[in-house]
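# Architecture at a glance
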Amino acid sequence: MGLLDFNYIFISYALADADEVYGIIRQFRDRGYRVWYDDGTVSGDEKADTVTHALEHAALFLVFLSPRSEALVKIRREIDHALNAGKPFLAVYLEETDLTGGLQLRLAAQEAVWKYHLSDEEFYYQCSVAFERMGLSAMPPARYEATVLPEPAETVSDCKENPDSDKLTLTHYDKADRDHMRKLLQKSSVLIDLIAEDRVRWGSPESAELIDRLAGGIGNENEKQKDEYELQELKDDRYSLINLYAGIKKEPAFLPLYSQTGMLLRKYGLFDEEVILLENAVAGGGLSEKDLDDVKERMEAAVRRREADDAAMTGAERTAANLRRALLKRPPDVPQVKAMLERCSDDAVLYDIACNTDIDPDMVPIREKAARLISSRDYQYALSSHIYDPVRTSMILDLYDSLEGDELFIARTILTDPNDVNKTHMMLYCEDEELLMLGWKYVYGARDLCTDRLHAIGSDYPEKYENSDPQERSEWEENWFICAGETALEIIPEDEAVRDRLHGTVTVDSEPLHFYLSLMHTRKAIRWWHAKKLKNPVYIAYTGSWTSDDQVKEVLSARIDSTELITEMIYGDLSGADLVFGFRKPDDLTLQDRFCVEIMKNNPDRAIREHVRKELLRGNVEIPGVDLSEPDPLYNGHH
């Protein structure tokens, strides 16, 4: 074959830069240059071979670099492949980009064009000069159209969107990754809005950090089996997918975004999501007549892919898929969905629906119905750990006597549930004298019920307590809290066991128990160990504010990173931390709280230390022997 058979440019770029890159590619094409780029029309097992084939037969390798692309494993691999193969190489810097480590060394000797310093005319002139120097010439239109490339022919794109090029090859997706990405999309609507509204910059490190945080909350057991490159690829895909959805929300008529988004959705087996994305594009209007026809063709292909995937499902999987699709409609048909829930025997599906964070009011009765239908004790237990979730109350009140004898479930609800209705319900089955007396003292509206339960188990309480002297009362109350602390220690292993038995999106929140133990246990080593386990900043602030243990204070004081939370803590507004029964916020929280002093001594963030100092000054607080008018009067600098 002659040189013309290979006369095209291989384009490497980050999806986050797609809108700018596609505009440049169009200009290259208009100037007579052929290009190949990954436009999402090839997926599954073909993808790696297709990319490799296209790169090896290209006349020139061009990579677009920006802060969004520098860390992408895909681009690094393509750069390494091109340099190792000795391909003519051109780097185009879309923005100022600080390369790191080996990549900086490898590209230091390569030719580059810094687009952000140039006008459009200067940029395209410099590119054409570089192309000529590397042996690539622009072709006249007739010759351009007639050039035939080596097989496979579909590896070369002329920048035209082509939905027919996907021959319905289904991706061999991993179900754990698919479920993870599906849950990520379900929970990311607020973040997508923030990016679409430019309150978080598109493709920025900030958006990546927020996506990582969201993904971490969802979890994915499959990540433990991935090597470094596979894990980075998953992260890159998460960043790209959320940013692309935001891009579509912002620019719903920009067709290339649908191609890139569809490619990622197919990669993870999210065929439903691709169909819905394209249906919304058709229904939303704004597309040109030509683009609308293109999207309709894509949608037909997406429906066929979904049907092909459905054909391989079991009956239970198909039921779950139909239920999920019904839930995606807006507004959902509540009677229809409830009827479908009755036919669903998969507790994992029911659990996910019960935990859905959709704020649509129509979802409330659906979530409550799903919660009541869960039959597995492990899923019920996991759902019971969702603090401040009204759907949990619906489930607990519907369990009736099915929990009788399940002491750990009963004790967990009594110790950690902030809803007195739920606590009272569990008192019906409680056989523990100490817990019943704590309920009699602290659970509003449960006094008569607890009295009856105490009499039923043969206890002398509460009458013995009411007739005792203050010292005896104090001793008994201390013993009740000690017993509750020991019970909490027994519950922690049960939480871990349930978490190990249930994978995917299931979580068991042990934070309220760590909080309780860091405050209430009599052994200092146990308090300190559980204080270190705390992650919620409100729990950390509350524990640090009220513990009398200097070692616990020291552990926690360097972990407050919110000036707003510190202000709330100083002025006593910590009602959000009132999550443990029997430990209600006292009314006498003062400015002199020792926790503020510990923050000023230990927090490594100078801005935080200064904030506390100024708040203490504003409250006219005096610390003996300390001049608060001077910055950092207490910081010990050990961190």
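For clarity, every value in this text was computed on a predicted model and none was experimentally measured.

## A few points about the side chain of Arg392
Its place among the elements puts Arg392 in helix H19 (residues 390-398). Of note is the side chain of Arg392, whose polar atom sits 3.1 Å from the backbone oxygen of Ser384. A polar contact of 3.3 Å, which involves the side chain of Arg392, links it to the side chain of Asp417.

## What to know about the confidence of the model for the protein chain
Across the protein chain, the average pLDDT comes to 81, with 87% of residues at or above 70. In the model, residues 1-5 has pLDDT below 50 throughout and makes nine contacts with residues more than four positions away in sequence or in other chains.

## Some words on the packing of helix H11 (residues 255-267) against helix H12 (residues 271-284)
Where H11 contacts H12, the axes come no closer than 8 Å and their chain directions differ by 160°. Judged on the interaxial angle alone, H12 and H11 are roughly antiparallel. Once H11 is placed against H12, the crossing between them reads as right-handed. Note on element contacts: H12 touches H11 through Phe271, Glu273, Glu274, Leu277, Leu278 and Ala281, opposite Tyr258, Thr261, Gly262, Leu265 and Arg266.

## Thoughts on H11
An α-helical turn contains 3.6 residues, so a residue and the one three or four places further along point in the same direction. Over its 13 residues, H11 runs 19 Å from end to end, which matches the ideal 18 Å to within 8%, given 1.5 Å per residue. Counting buried positions along H11 gives twelve out of 13 residues, so the element sits mostly inside the fold. Here H11 has its buried residues at Leu255, Pro256, Leu257, Tyr258, Ser259, Gln260, Thr261, Gly262, Met263, Leu264, Leu265 and Arg266. At the C-terminal side of H11, Gly269 shows a positive phi close to 70°.

## A word on the environment of Tyr539
Position of Tyr539 among the secondary structure elements: in helix H28 (residues 537-546). Residues Tyr539 and Pro512 lie 27 residues apart in sequence; the distance between their C-alpha atoms is 8.3 Å.

## A closer look at the pairing of strand E1 (residues 9-12)
In E1, alternate side chains face the same way, and those of Ile9 and Ile11 on one face and Phe10 and Ser12 on the other are all buried. Pairing between E1 and strand E2 (residues 35-36): two bridges, direction parallel. Looking at E2, one finds that Ile9 is bridged to Val35. Where the polypeptide runs from E1 across helix H1 (residues 18-30) and back to E2, its parallel neighbour, the crossover connection is right-handed. Pairing analysis gives four bridges linking E1 to strand E3 (residues 60-65), with the strands arranged parallel. Directly across from Phe10, in E3, lies its bridge partner Phe61.

## Topic: the packing of helix H20 (residues 407-416) against helix H21 (residues 420-427)
At their nearest, the axes of H20 and H21 sit 9 Å apart, and the two run at 145° to each other. Seen from above, H20 lies across H21 with left-handed handedness. Taken together, the residues of H21 that come into contact with H20 (itself represented by Phe409, Ile410, Thr413, Ile414, Leu415 and Thr416) are Asn422, Lys423, Met426 and Met427. The class makeup of the residues in the contact of H20 with H21 is six nonpolar, three polar and one charged.

## Thoughts on a negative patch on the surface
A cluster of acidic residues, Glu289, Asp293, Glu297 and Glu300, forms a negative patch on the protein surface. Mapped onto the secondary structure, Asp293 falls in helix H13 (residues 289-311). For Asp293, a relative accessible area of 39% corresponds to the partly exposed category.

Reading guide: rules and limits
Residues numbered from 1 in each chain as written. Predicted model: local features only at pLDDT ≥ 70, side-chain atom pairs only at ≥ 80, totals over all residues. Heavy atoms only, no water. Helix = DSSP H or I, 4+ residues; strand = E, 2+ residues; numbered from the N terminus. Polar contact = N/O pair within 3.5 Å; in protein donor to acceptor, adjacent residues only side chain to side chain. pLDDT = per-residue confidence, 0-100. Contact = heavy atoms within 4.5 Å. Axes fitted to C-alpha atoms, helices over the stretch in contact; angles between N-to-C directions. Parallel < 35°, antiparallel > 145°, perpendicular 65-115°, else oblique. Left-handed = near helix turned anticlockwise from the far one by under 90°. Expected span 1.5 Å × (residues − 1). Buried < 20%, exposed > 50% of the residue type's maximum accessible area, 1.4 Å probe, protein only. Pairing = 2+ DSSP bridges. Right-handed = clockwise from strand over helix to strand, strands pointing away. Nonpolar A, V, L, I, M, F, W, Y, C, P; charged D, E, K, R; others polar. Patch = residues over 30% accessible without salt bridge, like charges linked within 9 Å, V, L, I, M, F, W, Y side chains within 5 Å. Areas by Shrake-Rupley, 256 points an atom, 1.4 Å probe, with all protein chains shown as cover. Salt bridge = Lys/Arg side-chain N within 4 Å of Asp/Glu carboxyl O. Lys, Arg positive; Asp, Glu negative; His and termini not counted. Charge placed at Lys NZ, Arg CZ, Asp CG, Glu CD.

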